[in-house]
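# Examining the three-dimensional arrangement
Each chain is listed here by its residues.
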There are 2 protein chains.
Amino acid sequence: MPYFDAASSAPLHPVARQALRASLDEGWADPARLYREGRRAALLLDAAREAAAEAVGCRPDELVFTPSGTHAVHAGVTGVLSGRRRVGRHAAVSAVEHSSVLHAVAAGGDVTEVPVDRFGAVSPDSYGEVLRTDTALACLQSANHEVGTEQPVAAVAEVCRSRGVPLLVDAAQSLGWGPVEGGWSVLTASAHKWGGPAGVGLLAVRKGVRFAPQGPADERESGRAPGFQNIPAVVAAAASLRAVRAEAAAEGRRLRELVDVIRARVPELVPDVEVVGDPLRRLPHLVTFSCLYVDGEALLHALDLADFSVNSGSSCTSGTLTPSHVLRAMGVLSEGNVRVSLPSGTTAAEVERYLEVLPGAVAGVRDRLGAPAAPPAAGTPAASPAAVGTLVVDAIGRRCPIPVIELAKVIGDVPVGGTVTVLADDEAARLDIPAWCAMRGQEYVGERPADHGAAFVVRRVS
Amino acid sequence: MPYFDAASSAPLHPVARQALRASLDEGWADPARLYREGRRAALLLDAAREAAAEAVGCRPDELVFTPSGTHAVHAGVTGVLSGRRRVGRHAAVSAVEHSSVLHAVAAGGDVTEVPVDRFGAVSPDSYGEVLRTDTALACLQSANHEVGTEQPVAAVAEVCRSRGVPLLVDAAQSLGWGPVEGGWSVLTASAHKWGGPAGVGLLAVRKGVRFAPQGPADERESGRAPGFQNIPAVVAAAASLRAVRAEAAAEGRRLRELVDVIRARVPELVPDVEVVGDPLRRLPHLVTFSCLYVDGEALLHALDLADFSVNSGSSCTSGTLTPSHVLRAMGVLSEGNVRVSLPSGTTAAEVERYLEVLPGAVAGVRDRLGAPAAPPAAGTPAASPAAVGTLVVDAIGRRCPIPVIELAKVIGDVPVGGTVTVLADDEAARLDIPAWCAMRGQEYVGERPADHGAAFVVRRVS
């Protein structure tokens, strides 16, 4: 039963399981106590901190353990924003950060989102453009969690350093593959992403960074992470980080080749697919693509029935009815979105079977939705401009991918030069109608307000 | 090697270990995902929530899992204070709450500490006296973590209910022994206190309590506890809570008798000991006493060498050089303080051996400190008031228990009616000099400021 959603949570690494079991007997006491059970727990905690700090590339006294990656991000962001309150309240973050980063900076102050290119990457120059004299903090992920694109962290860190702004790097998706290069100031990570147990995040704060922990005072973890430490989990996290790092070069090469197979073959096997994210500067194990005229939740369900567990950034699977902010920032198709993230040990045979199953799963969803099978035949221009009308499709109240399907169904009914106006109130339409136009070579004219939603205008040009 | 500090952290219960190991294979995936690994994780999480809610005595949708008891307290306190901001910023808490509660209310607003009696208990009337029209929150522990005294939670809850103020009950020390009675509004607890794993706290918020979670937004756990859930630990916490509850009546009776033995025999075996806390309305497994002329850290070390692990509220073991705020609020001796909290399964033989070891350990510490062996012989009054002088002892810069030892050494040198003035800058002196007077039947006159500290005046009356 292949599980292809390692980017959400990786199965527990055997070393993590072993370390967790072994330390349950030694690590349950309070490491702040002076008696032998406490001293034993403290020794385990110290050793785990040394091992994790070495993997991060920082000093042990710069690293604290938090109860999750989310806690590490919240504590890191709020700690720097408060520590540098005299500088200002402005934060610069990429538009494709994890929601924990976006929520943390939103709670703190004035935020500028740095745009990304179509691959999902920022440019160091664009950070240079948004940093201000009142910028307290910049944030950039090491690699994107939805599309796998690696960010130019070292170059952005250099820009930030030259402007005196600390850079927080969310390394949740990449830390298992290697240390984050460059002069970052704060780094966060999450153990269950690399095969460690749940319940452990890492927060590294370089010496010299002004940092004021928020929330009620607590003496644990240098005052930066309140609450009784979960030492067996921390030991398992550190041991498994060391273990996955030892395997990272070889396993990364192997999974990179499997992902290259998926990237190349999916567009051959499935019509109307857009593979997104950088093909080269990317995480080894992750690939994302979107399928026109497909309901993401229905596709996930079909794949689950075929024993494949994957994730989607489509709006219909998010519970909030909005498409992934990452896909939106990249300006790519969001409907029928599938993220495949291979855990360590995934075999070529599993990937092959996935590629056998996927085309039928997509076709089945498209059939049930009544998606058009092929683009319309090349049209002839209207006899005269006066003969060009506009056709209006009312998709108010219909969810992704229906508005795009309705558009595709009627585009052949207007002459070349004519327009189709789609009335829709689904958030995904704003992203997916322009994306459809780009894929189909039609012209996206624009959007205007309409009763209960918006009117999206498309001109037929071929 | 008897471990007698269950109130800090209990050894992992066998049921917790078993549940943790069993759920590592099923509980690592994201419970928010729709594929089978996610559904399995969600089922485990739901079942754990139902079991824990039943033990707490609330609805499953009123209960969330936090990463620790400290997180539960912080989230509970800040959530109610923010949710009731329109009412005011005032909080009423007992003076003997756990530091996590005191720090959380201190971060929030205007705090009134409700005093306790010499046993460490509040009276419901005193809550009634401090509640105001702008009181947003009242807090009361179910039982004290340092001296074991049970609080009149149900009666205080009734007072709070009649005044429209929600009561948060910190049940960290008692939840394994039974549910908290009465109409509490918010309840917090910590799994590693009952033999569950580290990394799990409980936060129950009754329907109808105005509650506004603080910190960056996060969709997990009803928005009340951010971060990826630690499902194996949550499953182990719920399973072990059920297990300890099944054993609670019998094991509680057994440990209560062992504690009664300690309460009765320690004052017989060790001279100049004050057993503190309520002898009847108390946790079954916990007893605390203080030994005159003893350095708490040295005594803990001596007991550790004899293989007994206990804790102390003495200032010299706290790292902050202040005595326990609980002992201070009770007005009892803080020097040479020892808390014994028996884990489940403690044997009568272990307690007997402890009682054999303790007198020698105390005597050894007293010898090394040069403590006076006995009170001075009954003195004769001075011939005339004019003959009454005062003797000054300079203990500036000397730590607990030295100022009290110096006082005891010279009290016999002044005539009855004469005074000894102790100059001291150790925080514990303020508590321990009056406590010594009470134990020795001398008169504590009072305290006045002095260079570099305070002058504590004692009159010899016998």
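Residues numbered from 1 in each chain as written. Chains lettered and ligands numbered in written order. Predicted model: local features only at pLDDT ≥ 70, side-chain atom pairs only at ≥ 80, totals over all residues. Heavy atoms only, no water.

### Notes on the sheet that holds strand β11 (residues 390-395) of chain B
All names here are of chain B. Where we set the bar: One requirement defines pairing of two strands: DSSP has to find at least two bridges between them. Helix and strand definitions follow DSSP, with helices as H or I runs of at least four residues and strands as E runs of at least two, each counted in order from the N terminus. Fitting a line to C-alpha atoms yields each axis, with helices limited to the stretch in contact; the angle taken between N-to-C directions then spans 0 to 180 degrees. In this description, contact between two residues means that some pair of their heavy atoms is separated by no more than 4.5 Å.
Spatial strand order, β11-β12-β14-β13: four strands in an open sheet with mixed pairing. Taken across any chain shown, the strands that pair with only one partner, and hence form the sheet edges, are β11 and β13 (443-450). Averaged over all pairs of adjacent strands, the angle between strand axes in this sheet comes to 20°, irrespective of strand direction. Sheet topology places β11 next to strand β12 (residues 419-424); six bridges connect them, and they run parallel. Looking at the pairing, Ala395 lines up with Ala424 of β12. Helix α12 (residues 427-440) rests against β12, β13 and β14 (453-459) of the sheet, and its axis sits at about 5° to β14.

### Structural notes on the interface of chain B and chain A
Filter applied, for reference: Buried surface area refers to the total accessible area, computed with a probe of radius 1.4 Å, that the two partners give up upon joining, counted for both partners together. Salt bridge, as applied in this entry: a Lys or Arg side-chain nitrogen positioned within 4 Å of an Asp or Glu carboxyl oxygen. N or O atoms within 3.5 Å of each other form a polar contact, as long as, within protein, one can give a hydrogen and the other can take it, and as long as residues adjacent in sequence are counted only when both atoms are side-chain atoms. Each residue receives one of three labels: charged for Asp, Glu, Lys and Arg, nonpolar for Ala, Val, Leu, Ile, Met, Phe, Trp, Tyr, Cys and Pro, and polar for the others, Gly being one of them.
On the chain A side, the residues contacting the 50 residues of chain B number 50 residues. Interface area for chain B against chain A, summed over the two sides, is near 4300 Å², with a carbon-plus-sulfur share of 59%. It is B:Trp28, B:Tyr35 and B:Arg36 that lose the most area in chain B upon contact with chain A, and together they represent 15% of the buried surface on that side. On inspection of chain B and its partner chain A, the count reaches eight salt bridges. Residue A:Asp304 pairs with B:Arg39 through a salt bridge whose shortest N-O separation is 2.7 Å. Here chain B is connected to chain A by 24 residue pairs in polar contact (both at pLDDT 80 or more). Going through the elements one at a time, α1 (14-23), α2 (36-56), α3 (69-83), α4 (99-108) and α8 (296-305) of chain B are the ones with two or more residues in the side of chain B that touches chain A. Among the residues making up the side of chain B that touches chain A, the classes are represented as 22 nonpolar, 14 polar and 14 charged.

### Concerning the packing of aromatic side chains
Residues and elements named next belong to chain A. Rules: In this scheme Phe, Tyr and Trp rings, the latter by its six-membered ring, pair at centre separations within 6.5 Å, and the angle between planes marks the pair as stacked below 30 degrees, edge-to-face above 60, and tilted otherwise. Accessibility here uses a 1.4 Å probe with only protein chains present; expressed as a share of the type maximum, an area under 20% marks a residue as buried, one over 50% as exposed, and anything in between as partly exposed.
This structure, assessed with the given rule, holds ten aromatic pairs over all chains. On the basis of an interplanar angle of 65° and a centroid distance of 5.6 Å, the ring pair of Phe4 and Tyr354 is categorised as edge-to-face. Of the two residues, Phe4 sits in the segment before α1 (14-23) while Tyr354 sits in helix α10 (residues 348-369), which places them 350 residues apart along the sequence. The class of Tyr354 is buried, set by a relative accessible area of 0%.

### Regarding the packing of helix α2 (residues 36-56) of chain A against helix α7 (residues 231-269) of chain A
Residues and elements named next belong to chain A. Heads up, the rule is: Roughly parallel means an angle under 35 degrees; roughly antiparallel means over 145; roughly perpendicular covers 65 to 115; every other angle is labelled oblique. Crossing handedness is defined as follows: a turn of the near helix away from the far one that is anticlockwise and smaller than a right angle gives a left-handed crossing, while the clockwise case is right-handed.
The N-to-C vectors of α2 and α7 enclose an angle of 30°; their axes lie 9 Å apart at closest approach. Judged by the inter-axis angle, α2 sits roughly parallel to α7. For the pair α2 and α7, the sense of crossing is left-handed. Residue-level contacts link Ala41, Leu44, Leu45, Ala48, Ala51, Ala52 and Ala55 of α2 to Ile231, Val234, Val235, Ala238, Leu241, Arg242 and Arg245 of α7. Taken together, the residues that form the contact of α2 with α7 break down as twelve nonpolar, no polar and two charged.

### Structural notes on the packing of helix α11 (residues 402-410) of chain B against α12(B)
Residue and element names in this part refer to chain B. Between α11 and α12, the shortest axis-to-axis distance is 9 Å and the interhelical angle comes to 30°. You can see that α11 and α12 cross each other, and the crossing is right-handed. Contacts from Pro403, Val404, Leu407 and Ala408 of α11 reach α12 at Ala429, Asp432, Ile433 and Trp436. A class-by-class count of the residues in the contact of α11 with α12 yields seven nonpolar, no polar and one charged.

### Some points on the relation of the copies chain B and chain A
Rules: The copies were overlaid by least squares, fitting only the C-alpha atoms of residues that reach a pLDDT of 70 or more in each copy.
Under the fitted operation, chain B is carried onto chain A by 0.0 Å of movement along the axis and a turn of 180°, and the coordinates agree to an RMSD of 0.1 Å. The superposition operator between the copies reduces to a two-fold rotation axis. Same-surface contact between copies: 100% of interface residues of chain B are shared with the interface of chain A.

### A look at the environment of A:Leu81
Residues and elements named next belong to chain A. With respect to the secondary-structure elements, Leu81 resides in helix α3 (residues 69-83). Judged by its relative accessible area of 10%, Leu81 is buried. Remark: the alpha-carbon pair of Leu81 and Arg210, spanning 129 residues in sequence, is separated by 9.0 Å.

### Topic: unusual backbone geometry
In this structure, A:Pro401 follows A:Cys400 across a cis peptide bond, with omega equal to 5°. You can see A:Pro401 is positioned in the loop between β11 (390-395) and α11 (402-410). Backbone geometry places A:Ser222, a non-glycine residue, at a positive phi of 55°. Of note, A:Ser222 is situated in the loop between β7 (201-205) and α7. Phi is positive for B:Tyr293, close to 60°, though the residue is something other than glycine. Its place among the elements puts B:Tyr293 in the loop between β9 (286-291) and α8.

### Points about the side chain of A:Ser8
Tracing the sequence through the fold places A:Ser8 in the segment before α1. Overall, A:Ser8 belongs to the buried group, its relative accessible area being 3%. Side-chain polar atoms of A:Ser8 contact the side chain of A:Arg339, separated by 3.0 Å. Dropping the residues within four chain positions of it, A:Ser8 is found in contact with A:Tyr3, A:His192, A:Lys193, A:Asn311, A:Arg339, B:Arg33 and B:Tyr35.

### Some words on the domain arrangement of chain A
This is how the line gets drawn: All the domain ranges listed were derived from an automatic or database domain assignment.
Assigned domains of chain A: these are domain 1 (14-244), domain 2 (248-369) and domain 3 (385-459). For domain 1 of chain A and domain 3 of chain A, the distance between their C-alpha centroids amounts to 44 Å.

### Remarks on the sheet that holds strand β14 (residues 453-459) of chain A
Adjacent strands of a sheet form backbone hydrogen bonds with each other and so pair up, either parallel or antiparallel. All names here are of chain A. Taking strand neighbours across the sheet as the criterion, the four strands line up as β11-β12-β14-β13 in an open arrangement whose pairing is mixed. The two strands at the open ends of the sheet, each matched to only one other strand, are β11 and β13 (443-450). With direction set aside, neighbouring strand axes in the sheet form an average angle of 20°. As paired strands, β13 and β14 are joined by seven bridges and run antiparallel to one another. Opposite Arg448, over in β14, you have Ala455 as the bridge partner. Along the sheet face, α11 touches β11, β12 (419-424) and β14 and points at about 160° away from the line of β12. Most of the contacts of helix α12 (residues 427-440) go to β14, to which it runs at about 5°, and overall it touches β12, β13 and β14.

### Observations concerning α7(A)
Condition: What a helix should span is 1.5 Å times the count of its residues minus one. To get the bend at any residue, fit one axis to the seven residues that end at it and another to the seven that begin at it, then take the angle between the two axes.
Taking 1.5 Å of rise per residue, 39 residues should cover 57 Å, yet α7(A) covers just 48 Å from first to last C-alpha, more than 12% shy of that figure. A:Ala248 marks the point of greatest bend in α7(A), at about 60°.

### Topic: helix α10 (residues 348-369) of chain B
Residues and elements named next belong to chain B. Between its first and last C-alpha, α10 extends 32 Å over 22 residues, near the 32 Å set by a 1.5 Å rise per residue. Most pronounced at Val357, the bend in α10 amounts to some 25°, and the proline Pro359 follows within four residues. Contacts from the buried residues of α10 go to α7 (231-269), β9, α8 and β10 (337-341). Looking one or two residues past α10, Gly370 carries a phi angle of roughly 70°, positive in sign.

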